[in-house]
Amino acid sequence: MHSHATVLVICGTRPEAIKLSPVIRALRQKGLPVEIADTGQHPDLLPMMLRESGLRPDHELRACTPGMSLPSSLAAIVAAVGNLLQQRRPALVVVQGDTVSAFAGALAAAYSRVALAHVEAGLRTGDLAEPFPEELQRALISRLAALHFAPTRRAAEALMREGVRPETIHVTGNSGVDAFHHVLEHANSNPALDAQMSARLPLVLRTGLPLVVATVHRRENIGARLIQIAQGMARLAEEGRARIVIPMHPNPEVQQALRAVLGDRANVQLA
């Protein structure tokens, strides 16, 4: 690629913003012009996370509306990204992971004959229902991508078993780790932010027990599985084996279940 070739990064969810932010910064440091397209899948969470990373979307597609089904969301995002690709004609589209936005971006790139790079490629469970629809989407993205950035050697091996050419696979590590170090550096250099987070998460400052930070919100876990997961964490806390901090997902079903089991537990903070 040449320095004048635009890279279009497609993202629509908070996890994508977290894991693509280091990639975007690295590309820009290399002198490549990068444009960010927000699909609108997480209309509140994604812009906030980009701002925390010092970034902002160049294109706000607003393709999704509350309550849209998976097929409707996919169709709307494919159409919106496809229109953007016709306008901008980038040299490369970058997607991350296995979201509807990532799959839609990959489809739109394929239809527009634009090269596709897939960040966090090769994760597999071998069961299309676990997780659903992510396992299906990430496997299909791999059929469309020209470049595969696998987080681990195991993920790279999974891609090769599926017939992906080895020369297109690059084991890069997980960009979420790079995002973590960036946030840590930012917090350490910002006393006000450090004080704010310390006040918000007092359990983190305690010593004597291992610290566990857990996010629990997968749709296939909602119901009996989520209760069992929460009960397992409650047992760890009750036995004095860990301090547990759980950043709460906005999903009300998730919040209700976690508060019911963990809301009054010692050594547990629902943040």
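Refer to the structure presented above.
Residues numbered from 1 in each chain as written. Predicted model: local features only at pLDDT ≥ 70, side-chain atom pairs only at ≥ 80, totals over all residues. Heavy atoms only, no water.

1. Description of the overall build of the protein chain
Phase 1 of the analysis: In terms of helices and strands, the protein chain carries eleven helices and ten strands.
Phase 2 of the analysis: Here the C-alpha radius of gyration of the protein chain, 20 Å, is about what a compact globule of 271 residues would show, namely 18 Å.
Phase 3 of the analysis: Taken along the three principal axes of its C-alpha coordinates, the protein chain extends 55 × 45 × 40 Å.
Phase 4 of the analysis: Within the protein chain, the proportion of its 271 residues that are buried is 44%. (Helix = DSSP H or I, 4+ residues; strand = E, 2+ residues; numbered from the N terminus. Rg over C-alpha atoms; globule rule 2.2 N^0.38 Å. Buried < 20%, exposed > 50% of the residue type's maximum accessible area, 1.4 Å probe, protein only.)

2. Considerations on the packing of helix H1 (residues 14-29) against helix H7 (residues 175-188)
Phase 1 of the analysis: For the pair H1 and H7, interaxial distance at closest approach is 7 Å and the crossing angle is 80 degrees. The orientation of H1 relative to H7 falls into the category roughly perpendicular. Note on element contacts: H7 touches H1 through Ser175, Gly176, Asp178, Ala179 and His182, opposite Ile18, Lys19, Pro22, Val23 and Arg25.
Phase 2 of the analysis: The residue inventory of the contact of H1 with H7, partitioned by class, reads four nonpolar, three polar and three charged. (Axes fitted to C-alpha atoms, helices over the stretch in contact; angles between N-to-C directions. Parallel < 35°, antiparallel > 145°, perpendicular 65-115°, else oblique. Contact = heavy atoms within 4.5 Å. Nonpolar A, V, L, I, M, F, W, Y, C, P; charged D, E, K, R; others polar.)

3. Looking at the nonpolar core
Phase 1 of the analysis: Formed by 25 residues in total, the largest nonpolar core has its most connected members in Val93 and Leu116.
Phase 2 of the analysis: Every element with two or more residues in this core is listed here: strand E1 (7-11), helix H3 (70-88), strand E4 (92-96) and helix H4 (100-111).
Phase 3 of the analysis: Residue contributions to this core peak at eight residues, all from H4.
Phase 4 of the analysis: Core analysis: the next-biggest nonpolar cluster, separate from the first, contains 18 residues, Cys11, Ala17, Ile36 and Met49 among them. (Core = buried A, V, L, I, M, F, W, Y, C linked by side-chain atoms within 4.5 Å.)

4. As for the side chain of Arg25
Phase 1 of the analysis: Inspection of the secondary structure puts Arg25 in helix H1.
Phase 2 of the analysis: Buried and unpaired, Arg25 has no salt bridge, with Asp178 as the nearest side chain of opposite charge at 8.0 Å.
Phase 3 of the analysis: Beyond its immediate stretch of four places on either side in the chain, Arg25 contacts Ser53 and His182. (Lys, Arg positive; Asp, Glu negative; His and termini not counted. Salt bridge = Lys/Arg side-chain N within 4 Å of Asp/Glu carboxyl O.)

5. What to know about H1
Phase 1 of the analysis: Here H1 is 16 residues long and its end C-alpha atoms lie 23 Å apart, about the 22 Å a rise of 1.5 Å per residue gives.
Phase 2 of the analysis: Of all bends in H1, the biggest is about 40 degrees, found at Leu20, and the proline Pro22 comes one to four residues later.
Phase 3 of the analysis: Burial in H1 covers these residues: Glu16, Ala17, Leu20, Ser21, Pro22, Ile24, Arg25 and Leu27.
Phase 4 of the analysis: Positive phi appears at Gly31, one or two residues downstream of H1, with a value of about 90 degrees. (Expected span 1.5 Å × (residues − 1). Bend = angle between axes of the 7 residues up to and from the residue.)

6. Points about the sheet that holds E1
Note: strands within a sheet are paired through backbone hydrogen bonds, in either parallel or antiparallel orientation.
Phase 1 of the analysis: The seven strands are arranged E3-E2-E1-E4-E5-E6-E7 in an open sheet whose pairing can be described as parallel. Sheet topology places strand E3 (59-60) and strand E7 (169-171) at the edges, where each strand pairs with a single neighbour. (Pairing = 2+ DSSP bridges.)

7. Examining the state of the cysteines
Phase 1 of the analysis: The full count for this structure, using the stated rule, is zero disulfides.
Phase 2 of the analysis: Cysteine Cys11 is unpaired, with the sulfur of Cys64 as its nearest cysteine sulfur at 12 Å.
Phase 3 of the analysis: According to the relative accessible area criterion, Cys11 is buried, its value standing at 1%. (Disulfide = S-S within 2.5 Å.)

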